[in-house]
Amino acid sequence: MLRTQVSAAARRPGRLILTGLAILVASFVVFGTVLVQQITERTARDNLSGTPAATDLVVGDPNQPPPTVAALRQVRAVPGVAEAVGRVMVGVSLGEGYLNLRADPGTGPLATVRLLRGSYPDAPGEIAVSPRTVERLGLSIGAVTSGTGGELSAPSELTVTGLVDTPDDDGYNAYAPDSVLAAWGGLTTVERVDLRVASGESADAVRQRVTAAIPAGLLIRTGEEVREAEANAAAAQVGKLFALVGMFVAIAVVAAALVVTSTFRIVFAQRMRQLALLRAVGAGRGTLVGALIAEGALTGLVAGVVGVVGALAVGHALPVILRASGHSVSSPGLPWAAAVAVVVGAVVLTVLAVLAPALSAARVAPLEALRAASVTAGRRGIGVLRLVFGLLLVTGAALAYAGTFSQLPKPDQQSYDPTRPLLLLVASGASAFFALVALGPLLVRPVLAVVGWPLRQFGPHGRLAVGGIGGTPRRAAAVSVVVALGVTLISGVAIGGASLRVLVDREMALSAPADFEVATDGGTLPAAVVTRAEAARHALARVVPYRRVDVTLTRDGGPVGSSEYGYSTTDLDLLALSTTKDLDVAQGTLADRGPGRIVLGNWAARDTGLRVGDSVALALAGRTVDVRVVAVLPDQGPLNAAIVADRGDLDRLGAPAAYSGLLADAARSGEDGRTAGVRALREAIRGSDGVAVSVLADDRDRVNDLLSTLLWIAVGLVSLTVLIAVVGVGSTTALSVVERVRESGLLRAVGLSRAGLRTMLTAESGLYGVIGATFGLMLGVPYAWLTVQALGINAPLALPVLPLVGLFVALVVLTALAGVLPARRASKVSPVAALGIEG
């Protein structure tokens, strides 16, 4: 019996692969993830170390007292030391900005920068800068500026002598040899000492000499140890990322198991007459179940091996291609243990997936062998036990959802732990999904009646497609549920990402409300700076000066709030800023701002107990002004201010007329526009001590780029489930074509054209996507909204309508395309030949 089933499966390798196609894709994804992790970790180890490859020994450790400059000189004097350089970074405050001044030799094997133009510094006060620093700070070769840093208490002159190429160019990088930097900044220590051993010398012998020459207690490590530690730190972050990736891969594996279960049900239904004949000649149910499970194990073995071999080939070819195109990417190893584990897992997963269909198929009566058709019609309904189980799952999902909702943070809640609500939410979501699995056949027809209505209006092809799906609700539910899982995850990412995007835009509108800020060290901004900035219309689109003072709040003669030093108050004109549209309010509206009206940050509102509509008095130096609260922001006010007041109200309080700073936007977009804006503001503040320019747009770009990267990674991960779902639709449609050859021939015989048959079968495949996407959105939207609230990050609920519509359409198109090839195959069968096949 076992030999019969296995040999039958081996004789039809096409069906064998088609049945296990989802397992093949899952095996490819799982083993591919292992290889990608190896590639990422090895690339991180090979390329993300900041220690030059020529470094043989390193003196010093971040967790211990640093080496002194005197110890550096002692190391250089040790026999066998070819080169020793001190590594140290000093923050330098310039009149027009800020510099990270790093020690680097500039030439030789231990250098991390390369000279492009000019000469490398060799005297105290000389520096070399990066290209972006030239653009941002205007420090071209020959420029002279002054700054304070290190042990300096007064500004000291700095002269730019060269332009260098650097690994990272943030726009404020400068370099000089350690001796030059130590002499200029009065440094007595360095962070560490990198040294290179002379040719022909033993590193161990030199290490012993250095240990004897320097003060006791300084740790000496080999360069390889330091590079390995730096690389491992980077690789550890990769490991954390792939732990998250593993969760999404596990979901894709679950989806593959559901697809394979559905596929085996179709295959066994097509062979029901054969199975009944085996029962009639004496095969017991247990024997039949064992044979079918063995067939499933063979399917899993073949699919697992093909998936692993395919992933191995792609995983080793991709780094070679990337290196040929100029990217520094390391190749993975040959993780045989992981490969064997994936193949074994594929076999086990397939056996588990085939168990329920095998038990069901083994219950076939021997009399079924007398049927004229070799295929039996699938059941349309579900049993009582499955119905009860599904209803219990629905009840559990609803109760857990309600429990999550009841534990959401309240508006004035001071502390919130999201662990319990999120656990309840996960339990609710899992229960809801398995309830959909259990009750799906009952839900297909009502959903199909709604979503299939437009298709029925396109004539007989549409009506036949809707009827074909409605005639096999269990099959339609099994495939659509996997599509629904993918849509639920992607719609959740889209909604969560849109909500997070609104939150980030709001926070950036508060912390970085413009491209640039010109501020002082606590003093006031010269009026000439504002005048010159406002005149630079060629580079600056808008200039918004502001004042900042600390005021107290009083009501009925007594103080309001617990702040001892008052509340930071600004008269920043919010309506003049381009980012004001991104601001959200917890109460009231920003449109009501004006004389006698203030806007409070969330912390100030909580501390004072004030709400929209409350009256209070601003007090400063014995003067008071009565105001009314018209809006409360969800977070702090712009530039971390607690109160935003009208300019006239601060005048009546006697606040100084001089501005504290100004905000400005670049007139043009892109790096060129930003550079022009920085130059214009530098020109405006020239000659003003203690005034500096900050490029707030750089921070905004970094946050936005990080958020976009995370969202694309999340979408890519959850798309694995959609890939499995599309594969399931394709294999289901292909097997259905085999099952319905006689039906297709009959339709052709009564006048349906080949194109019409192709259209009908392709529309059926697309309907799997329509039903699944409908189920997925019905689950994804409410659960995504509740997840955003349960995280407690104070993000607003956003519904990205266009992306969700695009997702719906894309899923329908993908599932329809998955049925194109099977439909073409069905349309090529002759009606006469099809009618001659036993149904």
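Thresholds applied
Residues numbered from 1 in each chain as written. Predicted model: local features only at pLDDT ≥ 70, side-chain atom pairs only at ≥ 80, totals over all residues. Heavy atoms only, no water. Pairing = 2+ DSSP bridges. Helix = DSSP H or I, 4+ residues; strand = E, 2+ residues; numbered from the N terminus. Polar contact = N/O pair within 3.5 Å; in protein donor to acceptor, adjacent residues only side chain to side chain. Salt bridge = Lys/Arg side-chain N within 4 Å of Asp/Glu carboxyl O. Buried < 20%, exposed > 50% of the residue type's maximum accessible area, 1.4 Å probe, protein only. Phe/Tyr/Trp six-rings, centres within 6.5 Å; stacked < 30°, edge-to-face > 60°. Contact = heavy atoms within 4.5 Å. Axes fitted to C-alpha atoms, helices over the stretch in contact; angles between N-to-C directions. Left-handed = near helix turned anticlockwise from the far one by under 90°. Arc of directions from axis to C-beta.

Asks: Go over the pairing of strand β20 (residues 623–632) with me, naming the residues and quoting the values.
Replies: By the bridge criterion, two bridges tie strand β17 (residues 587–588) to β20 in an arrangement that is antiparallel. Bridging from a neighbouring strand, Q587 pairs with V632 of β20. Pairing geometry for strand β18 (residues 597–600) and β20, over four bridges, is parallel. Residue R597 lies in a different strand from β20, and its bridge partner there is R628.

Asks: Residues and numbers for the environment of W184, please.
Replies: The topology assignment puts W184 in helix α6 (residues 178–185). Separated by 103 residues in the primary sequence, W184 and V81 have C-alpha atoms spaced 26 Å apart. A polar contact of 3.2 Å, which involves the side chain of W184, links it to the backbone oxygen of E157.

Asks: Any details on the pattern of salt bridges? Residues and values, ideally.
Replies: This structure, assessed with the given rule, holds 22 salt bridges. The salt bridge involving E671 is made with R136; its shortest N-O contact spans 3.2 Å. Of this pair, E671 sits in helix α20 (residues 670–685) while R136 is found in helix α5 (residues 131–137), placing the two residues 535 residues apart along the sequence. The partly exposed category is assigned to E671, whose relative accessible area is 31%. Notably, a salt bridge pairs R700 with D515, separated by 2.4 Å at the nearest N-O pair. Of this pair, R700 sits in helix α21 (residues 696–739) while D515 is found in the loop between α16 (473–511) and β12 (516–520), placing the two residues 185 residues apart along the sequence. Residue class for R700 comes out buried when judged on its relative accessible area of 15%. Here the salt bridges do not stand alone but share partners, grouping R132, R136, E671, R674, D698 and D701 into one network.

Asks: Describe the packing of aromatic side chains, naming the residues involved and giving the relevant values.
Replies: Counted according to the given criterion, the structure contains three aromatic pairs. Residues Y401 and Y783 carry aromatic rings whose centres are separated by 5.3 Å and whose planes lie at 90° to one another, so their mutual orientation is edge-to-face. Of this pair, Y401 sits in helix α12 (residues 384–406) while Y783 sits in helix α23 (residues 754–790); the two residues are 382 residues apart in sequence, bridging distant segments of the chain. Take Y401: its relative accessible area is 24%, and that puts it in the partly exposed class. Using a relative accessible area of 14% as the deciding quantity, one classes Y783 as buried. On the numbers, 5.7 Å between centres and 50° between planes, the contact of Y567 with W603 is tilted. Taken together, the residues Y567 in strand β16 (residues 567–570) and W603 in helix α18 (residues 602–608) connect sequence positions 36 residues apart. Among the residues examined, W603 registers a relative accessible area of 38% and is labelled partly exposed.

Asks: Now, about the side chain of D665: what can you tell me, with residues and values included?
Replies: Looking at the secondary structure, you find D665 in strand β22 (residues 661–666). Only 2.9 Å separates the side chain of D665 from the backbone nitrogen of D515, close enough to count as a polar contact. A polar contact of 3.2 Å, which involves the side chain of D665, links it to the side chain of S578. If sequence neighbours within four positions are ignored, D665 has contacts with A514, D515, F516, A539, L540, A541, R542 and S578.

Asks: If you had to explain the sheet that holds strand β10 (residues 192–197) to someone new, which residues and values would you point to?
Replies: Taken in spatial order, the four strands make up an open sheet running β2-β10-β1-β11, and their pairing is antiparallel. Sheet topology places β2 (81–87) and β11 (220–222) at the edges, where each strand pairs with a single neighbour. Adjacent strand axes in the sheet meet at a mean angle of 25° when their direction is disregarded. Where β2 and β10 come together, six bridges link them in antiparallel fashion. Note on β10: the bridge partner recorded for G86 is V193. Here helix α7 (residues 203–213) sits on the sheet in contact with β1 (57–59), β2, β10 and β11, set at roughly 165° to β11.

Asks: Any chance you could break down the packing of α23 against helix α25 (residues 820–827) for me, citing the residues and the numbers?
Replies: Where α23 contacts α25, the two axes come as close as 8 Å, and the packing angle between them is 145°. The two elements α23 and α25 cross, and the hand of that crossing is right-handed. Packed against α23, whose contacting residues are R754, L757, R758, L761 and T762, the element α25 presents V820, A823, R824, A826 and S827 at the interface.

Asks: Any details on unusual backbone geometry? Residues and values, ideally.
Replies: Among all residues save glycine, negative phi is the norm, and among peptide bonds the norm is trans. The phi dihedral of A621 is positive, around 50°, even though this residue is not glycine. Classification of A621 by relative accessible area gives exposed; the value is 77%. Non-glycine residue L639 carries a positive phi angle of around 55°.

Asks: Go over the sheet that holds strand β23 (residues 691–695), please, and point to the residues and values.
Replies: A sheet is described by the order of its strands in space; here four strands give the open sequence β13-β22-β12-β23, paired in antiparallel fashion. With partners counted over all chains shown, the strands left at the sheet margins are β13 (540–546) and β23, one partner each. Geometrically, the sheet is characterised by an average inter-axis angle of 20° between neighbouring strands, direction not taken into account. Pairing of β12 with β23 involves five bridges; the strand directions are antiparallel. By the bridge assignment for β23, A519 is matched with A692. Against the sheet, helix α17 (residues 527–535) engages β12, β13 and β22, with an angle of about 155° to β13. Strand contacts of α20: β12, β13, β22 and β23, with the helix running at about 170° to β23, the strand carrying the most contacts.

Asks: I'd like a rundown of α17, residues and numbers included.
Replies: For α17, the set of buried residues is V529, V530 and A533. Seen end-on, α17 carries its buried residues on one side only, within an arc spanning 95°. Exposed side chains of α17 directed beyond 90 degrees from the buried face belong to A527, T531 and A535. Buried residues along α17 sit in contact with β12, β13, β22 and α20.

Asks: Lay out the pairing of strand β4 (residues 97–103) with the relevant residues and their values.
Replies: Most of β4 sits out of view: five of its seven residues are buried. Direction of pairing for strand β3 (residues 89–94) relative to β4: antiparallel, over a ladder of six bridges. For S93, the partnering residue across the bridge sits in β4 and is Y98. Where β4 and strand β9 (residues 173–176) come together, four bridges link them in parallel fashion. The residue bridging L101 from the neighbouring strand is A174, located in β9.

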